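# Architecture and fold: a report
Chain residues, written in single-letter form:
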Amino acid sequence: MEEKISGRTVSRRGLLAGTAGAAVIIAAGGAVKALAGEADPLRPPGMTSEEHFIGACIRCNRCRGACPRDIIVNCAFEDGIINVRTPRLSFRTKASQAFRRPEGKTQEDVAQEPYPAILAAGGIGFCDFCMLCAQNCPTGALSAFDPRTQWIGEAVIDPAYCIAFEKMGGCRKCVDYCPFGAVTLNESRYPVVDSSKCNGCGICENICPSSTYRTFKGPGPRGINIHVNKNGRPL
Ligand code: SF4
Ligand code: SF4
Ligand code: SF4
């Protein structure tokens, strides 16, 4: 027996086989999703795609050992079974020792040439794009990366945590510390991120005092957090 689907004629056997195939694919997709968990780990710079990264990373921890800014940690079970012991970035595990604007330079000066400035800066808890992680990766899971044209992720303001949303003008640290000039205050004195300038260096998340001032415990969300970039920009 034959049936018409979207103008095409298929046999009932073909229809059943197709339905079963689709069910297998959906089930397999569900299984992979379950393995990956809901978490979307923020990877070190130089990852070409999550699929390639998961296949190539041998969980050797060399990138973690090489990172001078101490921001690479291992994924745990809550990051998804498939991700366990793969590297992810964390800008919250170290006390804020973020980038300080070089003496004698204004924020505008630094924003003109952010890459050299951020490389020369002291401190830990943010990414300076030194690429020691990729250089020490033995499998090519991490490879070349140019922070002027590529992005680790993107800063997103969370009004539920940001102090400025509670007390107008209460805080502007992310504005003052961003070396790329990506955060400004709007007319209501709330911080706003220009995603075309942000490359996810993590300084703002590291320096954001929302958890300290409001005495949140643990490395929970901050007023500004780096998310995996899903806006179609190259990673
Ligand atoms: S580029 Fe440098 S600072 Fe950034 S994650 Fe890699 S090793 Fe760490
Ligand atoms: S540093 Fe944090 S609390 Fe302060 S304005 Fe920025 S996001 Fe809000
Ligand atoms: S992550 Fe934060 S500090 Fe870094 S470029 Fe983006 S907004 Fe600026």
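Going by the structure above, here's the rest.
Residues numbered from 1 in each chain as written. Chains lettered and ligands numbered in written order. Predicted model: local features only at pLDDT ≥ 70, side-chain atom pairs only at ≥ 80, totals over all residues. Heavy atoms only, no water.

### Overview of the layout of surface pockets
- Taken as a whole, the largest pocket holds about 450 Å³ of empty space.
- Lining the largest pocket are 18 residues, and of these Leu42, Arg88, Leu89, Arg92 and Ile226 sit closest to its centre.
- Among the elements of the structure, β4 (87–89) and β8 (224–228) are those that each provide at least two residues to the lining of the largest pocket.
- When residues of the lining of the largest pocket are assigned to their parent elements, the largest contribution, four residues, is made by β8.
- Of the residues contributing to the lining of the largest pocket, the split by class is nine nonpolar, four polar and five charged. (1 Å grid on protein atoms, 1.4 Å probe; cavity = no way out; pocket = protein on both sides within 12 Å on 5 of 7 lines; lining within 4 Å. Points joined across faces, edges and corners; volume = space filled by probe spheres on them. Helix = DSSP H or I, 4+ residues; strand = E, 2+ residues; numbered from the N terminus. Nonpolar A, V, L, I, M, F, W, Y, C, P; charged D, E, K, R; others polar.)

### Focus on the site of ligand 1
- Around ligand 1 there are 13 residues in total, and Cys67, Cys127, Cys130, Met131 and Cys133 lie nearest to it.
- Residues belonging to the shell around ligand 1 are distributed by class as follows: 11 nonpolar, no polar and two charged. (Near = heavy atom within 4 Å.)

### Looking at the site of ligand 3
- With respect to spatial proximity, 14 residues lie near ligand 3, and among them Cys178, Cys198, Cys201, Gly202 and Cys204 are the closest.
- Tallied by class, residues from the shell around ligand 3 come to 11 nonpolar, three polar and no charged.

### Describing unusual backbone geometry
- Located in the positive-phi region is Phe129, a residue other than glycine, with phi close to 60 degrees.
- With respect to the secondary-structure elements, Phe129 resides in the loop between α5 (114–120) and α6 (132–135).
- Look at Arg189: it is not a glycine, yet its phi comes out positive at around 70 degrees.
- Take Arg189: it is sitting in the loop between β6 (183–185) and β7 (191–193).

### Considering the nonpolar core
- Counting 43 residues, the largest nonpolar core has Ile118, Phe129, Leu142 and Ile224 as its most contacted members.
- Elements represented by at least two residues in this core include exactly α2 (50–56), α5, α6, β5 (153–157), α8 (173–177), α9 (203–207) and β8.
- In this structure, Ile224 is in contact with Ala155, Val156, Ile157, Cys174, Val183, Val193, Cys204, Glu205 and Cys208, ignoring residues within four places of it in sequence. (Core = buried A, V, L, I, M, F, W, Y, C linked by side-chain atoms within 4.5 Å. Buried < 20%, exposed > 50% of the residue type's maximum accessible area, 1.4 Å probe, protein only. Contact = heavy atoms within 4.5 Å.)

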